[in-house]
Structures are given as structure tokens and as C-alpha cells.
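Geometric and topological summary
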Amino acid sequence: MKILVINCGSSSLKYQLINMETEEVLTKGLVERIGIDGSILTQKTPGKDKYVVEQAMEDHKAAIGLVLKALIDENFGVIKSMDEISAVGHRVVHGGEKYAQSVLIDDEVMASLEDCVKLAPLHNPPNIIGIKACMELMPATPMTAVFDTAFHQTMPEEAYIYALPYEYYTEYGIRKYGFHGTSHKYVSSKAAEAMGRDIRDLKIVTCHLGNGSSVTAVKDGISIDTTMGFTPLEGLAMGTRSGNLDPAIVSFLVKELKITADEALNILNKKSGVLGISGVSSDFRDIQIASEGGNKRAKLALDIFCYRVRKYIGAYAASMGGVDCLVFTAGVGENSIEMREEICKGLSFLGIELDSERNHTRGEIAEISSDNSKVKIYVIPTDEEMMIAKDTKDIVSK
Ligand code: ADP
């Protein structure tokens, strides 16, 4: 069974074709600048030359049409015909409260996705456009939606209800939803596998640290709390997002800078986080270089980032009544030896002890805790596409 995984952004689209018998990625690609000048498709296939198509793509349907063409291309393709694709799994950012699991897409699901646009106005519309375009081009192929929010639907009320007038929850759906669910689910299950234990008996803290970052408490295999909230803005300091702050700062900014609330939110989403603090970059590698060169604000940005991660590890150990396993994943979590070292500093009271030598690893699954550490610490590269493909396979096999 071959499954096509599609992750549609507003002007870009990532895809992978996966053979589910062997869990082998047959090919993966990226389409950029959809609907704008300079549209480009790049497809990388193991053992083959990179395939690049520079051709105008006026919309997502045109882009997906070219993806399908690239997949069956005589020289650069990996399948003979589109019929070989058994199903398409679509990444969808927001499933609201309706979806605690991935689903087979039908008219009712499409209507629900439209309902969720209010909750994720930037992310859900491109996801919906991608699904519709695929349905038009492959009307007979089953499609699934795999939601970033679904894994967190198991959170208890005390974790997801904000201390606001309760009607705002019932009338407007204002609550913590959480994101990166597919990644937290994937790495927590991989960690249990690595420990040789049943995930239903484990307390795991998963740290997805990339441009966008979140920490999740996974108890007995389910998410019981996570740092992102109603939107991905809550929680950790991120590449450009502020994370938690006193909401009174928003109205203060509106008055002092004479800007609108939306403009203030744009500052919190796009100009804050480690970029705002350091004034250097949103990229952790640039900030690390600046910090090593003596830039104090760059060092402060990294200190704030690590402090918050460390604080939430402690908080979630308290939420779960202990912790057996700590996982680092995503760009920073998988690659930054220094950030992992810094985050784990001072956590020995929880039984978390990093082994500096084992921590010298990047981008591969590795156990990095010391032999004395009561808590197992792992680096586990996330693989949201594989998780989407697995969910899709399970759904269409039923
Ligand atoms: P997203 O998917 O949220 O865009 P990623 O998970 O790809 O983000 O993470 C991107 C971040 O990972 C960038 O800030 C980048 O600097 C950081 N990163 C990648 N490699 C390294 C490294 N070797 N050391 C430190 N940070 C790294």
C-alpha cells in the first residue's frame, strides 16, 4: 500500500509518498511560491537525481497536478500510474473539539473543517484548499484528515479551560487546544518502544523544540497537558512567538504604540520570541553563534528559552506525579547539543541526569541519559509524515 502525505501551507506544499509495507519513503518533495511568481517544485528520490520543475502554478490544484505528474514521471518518478496511490493523508492544523482522532474525509468532515476556520484562520484555509484540489484530481482515492490538535483532546478540563467567564468556552469555543499533536504522539510512542515498556504505564514529557515549540505531558499514553493553547502563541518563547505573557501587555501596546489589537498580536507572533529578545535572528544557530561571540542579548534569548522549557518539565512532572522519560525532538531538540545540556541543568532533583558524551549526537535516535539517571532521556527525530501515513493506512484498511 502506497500513501501520499500532503501538508499544504498558504503558498507552499510538502509531500511524501510512502510504501507502508516497508515504511520506506519512496520520494519527497516541496512546492514553493504557489500563486506567485517563480513557482518551483523540487522532488528528492533516494538514488535518483533531484527533480526540479520551474513552471507557473496559479493555485494549489495546479501545484498538486504537477506533484502527481512528478510522481509518475518516466525518468524521475517512482510509480507507473496514479492508481498505485491507495490513499492520501492530509495534515490539518485544527480539528476543534470534534476530532480526537484522524478521520476519513467526507462531506460532513469538510463542513466541520470549514467551521474550524474561525479558530485557525491562517492555517485551516490552505489545508482545505489542498484537500479540495486533491479530491478534484483523484476523485476515487480515499482521503484522510490528520489533525495537529487531535492528540490533545484527552486533556482534562482543569488543563484546557481558561479562567475566563465560562460562557466564552461554551459559546465561542475559547479553550486550550494544543498543537504539534502528531509529533508528540509519534515521539512518545517511539520513546516507549525504545524503553521496551508499555506506554500505558509511563509518564513522558515530550519537548518539540523548533521554530514553533511546545512541551507536552503524556501520561499513560495520552496527552494531559501541553504548552500551546487556543492558538500556537501560548507557552514557550519560540523563534518569533512570545509565548506566555501578561495579556494586559496587549492593550498597553495598543495604546502606547497607537496600533490595533491585530497589529499587537502580529508583533507577538512574528517579531517576538528569541528574535525579539536577541535582535539577531529567529534561527537558533545564528543566535548561538552571536552568543558565543559575546552578544549579551543573544545569550539572554537562549537563557529565557531554556529556562521556560526547564520550568514546564518541572510543571508537568508535578501534573503527572512524576516523570519516567524526557524526549527532545524537532530542529533544536534533535540538533542542539548545547540547548539540551542547558535545559537539563539543575533537574537532577527530578532524577534527570544528562550524559554529556552521549549528548554529543544530532538528528538520530539516541539515549542521552547517564547510567544513574532515574529518568530516561532520548533524542527522537520526529516524523509527522510517517504518523499521518500510519493513521491513514489504519483508517482505509478498516
Ligand atoms: P519548524 O518545523 O517549526 O519550522 P524546525 O523543527 O525545522 O522548525 O526547527 C528549526 C530550528 O531548528 C531553527 O531555529 C534552527 O536554527 C534549529 N536548528 C537546526 N539545526 C540546529 C543545530 N545544529 N543547532 C541548533 N539549532 C538548530
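Scroll up a little and you will see the structure.
Residues numbered from 1 in each chain as written. Predicted model: local features only at pLDDT ≥ 70, side-chain atom pairs only at ≥ 80, totals over all residues. Heavy atoms only, no water.

1. Concerning the pairing of strand S4 (residues 40-44)
A regular strand carries its side chains on alternate faces of the sheet. Where we set the bar: By the convention used here, strands pair only if DSSP detects at least 2 bridges between them. Each helix is a run of DSSP H or I of at least 4 residues and each strand a run of E of at least 2, with the numbering of both proceeding from the N terminus.
Summarising the sheet, strand S3 (residues 24-32) and S4 pair through five bridges and their orientation is antiparallel. Bridging from a neighbouring strand, Val31 pairs with Leu41 of S4. The sheet contact formed by S4 and strand S5 (residues 51-54) spans four bridges and is antiparallel. For Thr42, the partnering residue across the bridge sits in S5 and is Val52. Where S4 folds back onto S5 in an antiparallel hairpin, the turn is made up of six residues, including Gly47, whose phi is positive at roughly 80 degrees.

2. Notes on the nonpolar core
As a reminder of what qualifies: Take the buried residues of types Ala, Val, Leu, Ile, Met, Phe, Trp, Tyr and Cys, join any two whose side-chain atoms come within 4.5 Å, and each joined set is a nonpolar core. For the exposure calls, accessible area comes from a 1.4 Å probe over protein chains only, and a residue counts as buried if that area is under 20% of its type's maximum, exposed if over 50%, partly exposed in between. The contact definition used throughout considers only heavy atoms, calling two residues in contact when any of these lie within 4.5 Å.
Ranked by internal contacts, the top residues of the largest apolar core, which has 39 residues, are Leu4, Leu13, Tyr15, Val31, Leu41, Leu71 and Ile85. What Ile85 contacts, discounting residues up to four positions off in sequence, is Lys2, Leu4, Leu17, Leu68, Leu71, Ile79, Met138 and Thr141.

3. Describing the packing of helix H10 (residues 284-292) against helix H11 (residues 296-320)
Put simply, the rule is: Axis geometry follows a simple rule: fit a line to the C-alpha atoms, using only the stretch in contact for helices, then measure angles between N-to-C directions, giving values from 0 to 180 degrees. The labels follow the angle: roughly parallel below 35 degrees, roughly antiparallel above 145, roughly perpendicular from 65 to 115, and oblique for the rest. Throughout, a crossing is termed right-handed when the near helix is turned clockwise from the far one, and left-handed when it is turned anticlockwise from it by less than a right angle. We call Asp, Glu, Lys and Arg charged. Ala, Val, Leu, Ile, Met, Phe, Trp, Tyr, Cys and Pro are nonpolar, and the rest, Gly among them, are polar.
One way to put it is that H10 packs onto H11 with a least axis distance of 8 Å and a crossing angle of 125 degrees. The angle between H10 and H11 places the two elements in the oblique class. Here the hand of the crossing between H10 and H11 comes out left-handed. Residue-level contacts link Phe284, Ile287, Gln288, Ala290 and Ser291 of H10 to Ala298, Lys299, Ala301, Leu302 and Phe305 of H11. Looking at the contact of H10 with H11 residue by residue, the classes come out as seven nonpolar, two polar and one charged.

4. Quick word on the sheet that holds strand S7 (residues 103-104)
Reading across the sheet, the eight strands line up as S5-S4-S3-S2-S1-S6-S8-S7 and stay open at both edges, with mixed pairing between neighbours. Edge positions in the open sheet fall to S5 and S7, since each of these has one partner strand only. Where S7 and strand S8 (residues 143-147) come together, two bridges link them in antiparallel fashion. Along S8, the bridge assignment pairs Leu104 with Thr144. Across the sheet, helix H3 (residues 124-137) touches strand S1 (2-8), strand S6 (85-92) and S8, and the angle it forms with S6 is around 165 degrees.

5. A look at a nonpolar patch on the surface
Note the cut-off: To count toward a patch, a residue needs a relative accessible area over 30% and no salt bridge; like charges are then connected within 9 Å, while nonpolar side chains (Val, Leu, Ile, Met, Phe, Trp, Tyr) are connected within 5 Å. In short, Shrake-Rupley with a 1.4 Å probe defines the accessible areas, and a residue's cover is counted only from the protein chains shown. Definition used for salt bridges: Asp or Glu carboxyl oxygen within 4 Å of a side-chain nitrogen of Lys or Arg.
Judged by side-chain polarity, Leu164, Tyr168 and Tyr172 come together as a nonpolar surface patch covering roughly 320 Å² of accessible area. Locating Tyr172 in the fold gives a position in helix H5 (residues 167-172). Among the residues examined, Tyr172 registers a relative accessible area of 51% and is labelled exposed.

6. Some remarks on the pattern of salt bridges
Across all of its chains, the model carries 17 salt bridges by this definition. Residues Lys299 and Asp303 are paired through a salt bridge, measuring 2.8 Å at the closest nitrogen-oxygen approach. With Lys299 and Asp303 both in helix H11, this residue pair falls four residues apart, about one helical turn. Judged by its relative accessible area of 44%, Lys299 is partly exposed. In this structure, Glu342 engages Lys345 in a salt bridge whose closest nitrogen and oxygen atoms are separated by 3.2 Å. Residue classification places Glu342 among the partly exposed positions, given a relative accessible area of 25%. Put simply, Arg310, Glu342 and Lys345 are held in one network by salt bridges that share partners.

7. Quick word on the site of the ligand
To be explicit about the condition: By convention in this text, a residue qualifies as near a molecule or strand provided that one of its non-hydrogen atoms is within 4 Å of it. Any pair of N or O atoms that falls within 3.5 Å is considered a polar contact. Within protein, one atom must be able to donate a hydrogen and the other to accept it, and sequence-neighbouring residues count only if both atoms are side-chain atoms.
If you check the shell around the ligand, you find 14 residues, and the closest are Asn211, Gly212, Asp283, Phe284 and Gly331. Between Phe284 and the ligand, the recorded distance is 3.1 Å, taken from a backbone N or O atom to an oxygen atom. Mapped by element, the contributors of at least two residues to the shell around the ligand are H10 and helix H12 (330-335). With four residues, the single largest contributor to the shell around the ligand is H12. Its residues placed into classes, the shell around the ligand shows three nonpolar, eight polar and three charged.

8. Comments concerning the packing of helix H7 (residues 248-256) against helix H8 (residues 261-270)
Contact geometry for H7 and H8: axes closest at 9 Å, N-to-C directions at 115 degrees. As for the relative orientation of H7 and H8, their crossing is right-handed in sense. Contacts between H7 and H8 involve Val250, Leu253 and Val254 on the former and, on the latter, Ala261, Ala264 and Leu268. By residue class, the composition of the contact of H7 with H8 is six nonpolar, no polar and no charged.

9. Re the environment of Thr260
You can see Thr260 is positioned in the loop between H7 and H8. Exposure remark for Thr260: the relative accessible area of 42% places this residue in the partly exposed category. In this structure, the C-alpha to C-alpha distance between Thr260 and Gly173, residues 87 residues apart in sequence, is 23 Å.

Shape is all these values report; function is a separate question.
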